[in-house]
Structures are given as structure tokens and as C-alpha cells.
Amino acid sequence: MSPVHRTPPILLALVLIGGATLASGCPGPAAAAGDVAWNLTLAGDTEQVLTHSGIQALPDVEGYGYSVSTVGIKYGPNRYRGVLLTDLVEMAGGIGEDDLIYVSAEDGYLWVFDTTQLRGEEFFTFDENLHEIPAPALRVILAYERDGMPLAYEDGGPLRLVVITETPDVITEGSPWVKWVDRVEVRRG
Ligand SMILES: Nc1nc2c(c(=O)[nH]1)N[C@H]1C(S)=C(S)[C@@H](COP(=O)(O)O)O[C@H]1N2
Ligand SMILES: [Mo]
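Right, let's walk through the structure included here. What you are looking at is a predicted structure, and each value in this text was computed from that prediction instead of being measured. (Residues numbered from 1 in each chain as written. Chains lettered and ligands numbered in written order. Predicted model: local features only at pLDDT ≥ 70, side-chain atom pairs only at ≥ 80, totals over all residues. Heavy atoms only, no water.)

From N to C terminus, the protein includes 4 helices and 13 strands. Sequence separation of at least 24 residues holds for 60% of the intrachain contacts in the protein that already meet a minimum separation of 6. Accessible surface computed for the protein: about 10,700 Å², of which carbon and sulfur atoms make up 57%. (Helix = DSSP H or I, 4+ residues; strand = E, 2+ residues; numbered from the N terminus. Contact = heavy atoms within 4.5 Å. Areas by Shrake-Rupley, 256 points an atom, 1.4 Å probe, with all protein chains shown as cover.)

Written as C-alpha cells, this is what we have:
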């Protein structure tokens, strides 16, 4: 005797896709177009939560981002747009010379910046043959856009730390490029 009320495979597939959509935090049909369900906690003297659209409403900067991973894979160059990490730090109450900035992500990854790196100094930079070159002007941004498109989750979005330059030929180390950023904290030194 064959089992009764067996769920047709197509329905099961739809339920699984629906569940995955919810689990990945995709906005449902009720969410306004353009809304990304992602919050950033900004901690310092006080703690505040910024929404994705709140971050997009802040003054933005643009530049080239080109990184190399620990295993030597190059990513880029791409155009990135986002908010200066220095602006976020100011919103958190500013920073003293001995303070540190902890930038962390969903998966537990953490990168700690000192004030020198916050200014874009003391990063290792390379040319396209991965030979070290003197660092030109660098800025650290919390990026939400790459090449005019929202930064995709598989690329570390919706919010990723990116080190940007004025020209497309400068490669920086990938380790400070924190993916899936959900917390920026200024810790008093
Ligand atoms: N959240 C998060 N961000 C991260 C990492 C990570 O493990 N988790 N790895 C870092 C390191 S060490 C490198 S080299 C780059 C790697 O980028 P990729 O995953 O795009 O290759 O991401 C950086 N950002
Ligand atoms: Mo890395």
C-alpha cells in the first residue's frame, strides 16, 4: 500500500526555498524595495544601532579596492562606495590616540585597528605582481556598494570593510577587509 498524503516534491522544494529565504534575512514582500535587513551596532561612549538605510544616508566616499588573500588570490580592482570608518568613529564619540577600534562580524571574525591604521597608514601595499610598494593615500570605508551594485552576501556584504585608493593599481592585504560587519566599537586604551 502506498503512503497517503505524501507531500509532492515541488511543494516541499517551495517550502525549503521559503525557509532558506527567511533564514538568510531576505526581506519579505512587506519590506519596502531597497530595504536591506542588516543592522550595525556602533559602540563607544554610548551604543547605537544603525540600519542599512541609515548608513546609506550618511556622507559617502568612493574609491578603488583591490585585495589579495593570504593564499595569494587577487580580488579586483573594483569601485567601492561606503562610509568612512573615521566618520563612524566620530559618531561613536571620537577617538584618542591610545584607543582601538574593534570591527567584528557575524561569524566571529575580528580586526582591531589602531589610530594609525584608521588614518590609512601602515598598511602593506603591493603592485599587480605582488611586489611591495610604498603606500599611497589609503582610506578605510564600510562599503555597501561595489561597481554600482549592492555588495552581495557572498562578497562579504551587505557591509564590508574595504581599504580604498585613488588609483586601481594598488593591492592591499585582505585580512582587514572584514566581511559581514555588524559591530564597530571604540575601546578606550
Ligand atoms: N567576517 C570575516 N571577514 C573576513 C574573513 C573571515 O574569515 N571572516 N577573512 C579575512 C581574510 S584573512 C581575508 S584574506 C579576506 C579573504 O577574502 P575572501 O573570503 O573574499 O577570499 O577576508 C577577510 N575578511
Ligand atoms: Mo587572509
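Still to come is the rest of the account.
For His52, the position within the fold is in helix α2 (residues 52-56). Accessibility expressed as a relative area gives 4% for His52, which makes it buried. Leave out the neighbours within four places in its chain, and His52 touches Val36, Trp38, Tyr144, Pro158 and Leu159. (Buried < 20%, exposed > 50% of the residue type's maximum accessible area, 1.4 Å probe, protein only.)

Now for the site of ligand 1. Looking at ligand 1, there are 13 residues lining it, with Tyr75, Asp107, Arg160, Trp177 and Lys179 nearest. At 2.7 Å, a side-chain N or O of Tyr75 approaches an oxygen atom of ligand 1. Expressed as a share of its isolated accessible area of 530 Å², the protein-covered part of ligand 1 is 76%. Counting atoms within 2 Å of the grid points, the majority share of ligand 1 lands in the largest pocket. Per-class residue counts for the shell around ligand 1 are 6 nonpolar, 4 polar and 3 charged. (Near = heavy atom within 4 Å. Polar contact = N/O pair within 3.5 Å; in protein donor to acceptor, adjacent residues only side chain to side chain. 1 Å grid on protein atoms, 1.4 Å probe; cavity = no way out; pocket = protein on both sides within 12 Å on 5 of 7 lines; lining within 4 Å. Sits in = over half its atoms within 2 Å of the grid points. Nonpolar A, V, L, I, M, F, W, Y, C, P; charged D, E, K, R; others polar.)

Estimated volume of the largest pocket: approximately 410 Å³. Along the wall of the largest pocket there are 21 residues; nearest its centre are Tyr75, Arg160, Gly174, Trp177 and Lys179. Listing elements by their share of the lining of the largest pocket, those giving two or more residues are β3 (61-68) and β4 (74-84). In terms of residues, the lining of the largest pocket owes the most to one element, β4, which gives 4 residues. Considering only residue class, the lining of the largest pocket consists of 8 nonpolar, 7 polar and 6 charged. (Points joined across faces, edges and corners; volume = space filled by probe spheres on them.)

The next thing to look at is a nonpolar patch on the surface. Side chains of Val71, Ile73 and Tyr75 sit close together on the surface and give an oily, nonpolar patch of about 330 Å² of accessible area. Residue placement: Val71 occurs in the loop between β3 and β4. Judged by its relative accessible area of 69%, Val71 is exposed. (Patch = residues over 30% accessible without salt bridge, like charges linked within 9 Å, V, L, I, M, F, W, Y side chains within 5 Å. Salt bridge = Lys/Arg side-chain N within 4 Å of Asp/Glu carboxyl O.)

Bringing the sheet that holds strand β2 (residues 47-51) into the picture now. Overall, mixed pairing links the 5 strands, which are arranged β2-β1-β13-β5-β6 in an open sheet. Edge positions in the open sheet fall to β2 and β6 (110-113), since each of these has one partner strand only. Averaged over all adjacent pairs, the angle separating strand axes in this sheet is 15°, with direction ignored. As paired strands, strand β5 (residues 100-105) and strand β13 (residues 181-187) are joined by 6 bridges and run antiparallel to one another. Each bridged residue has a counterpart across the sheet, and for Val103 the counterpart in β13 is Val184. (Pairing = 2+ DSSP bridges. Axes fitted to C-alpha atoms, helices over the stretch in contact; angles between N-to-C directions.)

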